[in-house]
Number of protein chains: 2
Amino acid sequence: MHVAIPLYPRFTALDVVGPYTALAFAPGWKVTFVAGQPGPVTDDQGSLTLMATASYEEVPRPDVIVVPGGPGTVAAMNDTALTGWLAAAHEHTTWTASVCSGSFVLAAAGLLAGRRATSHWGWVEHLQGLGTEPVSERVVFDGKIVTAAGVSAGIDMGLELLARESGEGTAQAVQLAIEYDPRPPYDMKTLDGRRDEAMKLISID
Amino acid sequence: MHVAIPLYPRFTALDVVGPYTALAFAPGWKVTFVAGQPGPVTDDQGSLTLMATASYEEVPRPDVIVVPGGPGTVAAMNDTALTGWLAAAHEHTTWTASVCSGSFVLAAAGLLAGRRATSHWGWVEHLQGLGTEPVSERVVFDGKIVTAAGVSAGIDMGLELLARESGEGTAQAVQLAIEYDPRPPYDMKTLDGRRDEAMKLISID
């Protein structure tokens, strides 16, 4: 399976590297980072730069697309080179996916009309204004559209995609290889009082 | 706090980006990717390239070091520019940390003698041969040395480091911002039968 992950300025790095790791570790899967032009693309913190190795035109028919989120989402929604590629490539994908606010980029490309989809907890309700049914779940499948909740949810999504496409044995081997036995220090249900502070760390402009 | 993350050929990307995300999202924290020379460094899959923006010499006194693991570990253990920098910089760090097989690089720099430390489940026992007490825990603190288990454990380590250094409120806000409420598809305790298959996906040479 050939996966294309588009990079745009101010993407969130873990949105990219979570699903990348789950998928690229699997035998027979290959990931290409794409952008308007091949070259360096810098993340939301201004400190991590990933290389795009191909232009959108060079990867017209990937089997899987994973669109990351990040503070650069609004600019990405207005980037017609990106949304045009998404709309055209989606016609031929097996799976079209997003992490975090990446679902808003899928919506901007016209791919979420009438669909159930998710996003980061801070913005998921805004999907409604785009004609999409917001769903507060970790990973949402609707046909071949797959959306994940905020940032770290891309790891869970990657493993679920792998299970569906390559079988549970492969997904289990990858989960074990990346020792994905997470121990978050806090129970998320206890953190509601930190919501304002959290949103300051991940605002979209 | 200034964090330096050394990159070496065939590092595992999530070992880097997990702790990077936990720490770089926090107010007042800054991360620099370092290498022998600034420039691109490619990961274990051959498909993800991160930019190192400074040489080791340019970052002699970071507050925190996080050494990733990956199939390139053995070569990294023999890279005296890296191990020399680690040994010298460690004298002044607040925390010196590793993810996955990165603990073997700390050992090669002479930093784990007589210490308790962890690594990926597939190699943790081999730490004993390096004069270190292997501990099968997710994150191990021994003085200012912090080691994390395989690949994805760096996220947990990053949040724990943040809690100790910047307070629990900050760690909670970051956990919420990155929506770290993981739902691994499989219970790790049920996956022992996949161990051989998993190790083929993450061998070190």
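Cut-offs and rules
- Residues numbered from 1 in each chain as written.
- Chains lettered and ligands numbered in written order.
- Predicted model: local features only at pLDDT ≥ 70, side-chain atom pairs only at ≥ 80, totals over all residues.
- Heavy atoms only, no water.
- Helix = DSSP H or I, 4+ residues; strand = E, 2+ residues; numbered from the N terminus.
- Rg over C-alpha atoms; globule rule 2.2 N^0.38 Å.
- Areas by Shrake-Rupley, 256 points an atom, 1.4 Å probe, with all protein chains shown as cover.
- Lys, Arg positive; Asp, Glu negative; His and termini not counted.
- Charge placed at Lys NZ, Arg CZ, Asp CG, Glu CD.
- Least-squares fit on C-alpha atoms with pLDDT ≥ 70 in both.
- Contact = heavy atoms within 4.5 Å.
- Buried area = accessible area lost by both parts, 1.4 Å probe.
- Salt bridge = Lys/Arg side-chain N within 4 Å of Asp/Glu carboxyl O.
- Polar contact = N/O pair within 3.5 Å; in protein donor to acceptor, adjacent residues only side chain to side chain.
- 1 Å grid on protein atoms, 1.4 Å probe; cavity = no way out; pocket = protein on both sides within 12 Å on 5 of 7 lines; lining within 4 Å.
- Points joined across faces, edges and corners; volume = space filled by probe spheres on them.
- Nonpolar A, V, L, I, M, F, W, Y, C, P; charged D, E, K, R; others polar.
- UniProt positions renumbered as here; feature names shortened; annotations may be inferred.

The name given to chain A in an unreviewed UniProt entry is Transcriptional regulator GlxA family with amidase domain, with the source organism recorded as Nonomuraea soli.

Trainee: Tell me what's going on with the overall build of chain A, and back it up with residues and numbers.
Mentor: What chain A contains, in helices and strands, is seven helices and eleven strands. For 205 residues, the compact-globule estimate of 2.2 N^0.38 gives 17 Å, and the C-alpha radius of gyration of chain A, at 16 Å, lies within 12% of that figure. Summed over its atoms, the accessible surface of chain A is roughly 7,100 Å², and 47% of this surface lies on carbon and sulfur atoms. Within chain A, the 23 negative side-chain charges are centred at a point lying 2 Å from the centre of the 13 positive side-chain charges.

Trainee: Which residues make up the relation of the copies chain A and chain B, and what values do they have?
Mentor: Mapping chain A onto chain B is achieved by rotating through 180° and translating by 0.0 Å along the same axis, at an RMSD of 0.0 Å. Considering both components of the superposition, the chain copies are consistent with a two-fold axis. Nearest to the rotation axis, the C-alpha of Leu50 of chain A is located 2.4 Å from it, this being the minimum over chain A.

Trainee: Now, about the interface of chain A and chain B: what can you tell me, with residues and values included?
Mentor: Interface size, as often reported, equals the accessible area lost upon joining of the parts. Tallying the contact residues gives 58 residues for chain A and 58 residues for chain B. Interface area lost by chain A to chain B is led by Leu176, Glu179 and Tyr186 of chain A, which between them contribute 14%. Linking chain A to chain B there are zero salt bridges. At the boundary of chain A with chain B, the tally comes to 30 residue pairs in polar contact (both at pLDDT 80 or more). Of all the secondary structure elements, the ones that give two or more residues to the side of chain A that touches chain B are α1 (13–24), β2 (30–35), β4 (49–52), α5 (153–166), α6 (168–177) and α7 (195–201) of chain A.

Trainee: Please set out the layout of surface pockets residue by residue, giving values where relevant.
Mentor: Roughly 410 Å³ of internal volume is contained in the largest pocket. Along the lines of polarity and charge, the residues of the lining of the largest pocket split into six nonpolar, four polar and nine charged. Of the voids in this model, the second largest pocket is the one considered here, and its volume is about 350 Å³. For the second largest pocket, the lining is made up of 18 residues, of which Glu179 and Asp181 of chain A together with Trp121, Ser136 and Arg195 of chain B are closest to its centre. Of the residues in the lining of the second largest pocket, the class split is six nonpolar, three polar and nine charged.

Trainee: Before we move on, can you summarise the UniProt feature "domain: DJ-1/PfpI" (unreviewed entry) in chain A with the specific residues and values?
Mentor: Cross-referencing UniProt, the feature "domain: DJ-1/PfpI" (unreviewed entry) maps to residues 2–163 of chain A in the present numbering. Structurally, residues 2–163 of chain A is divided into 28% helix and 26% strand, and its ends, taken at the C-alpha atoms, are 16 Å apart.

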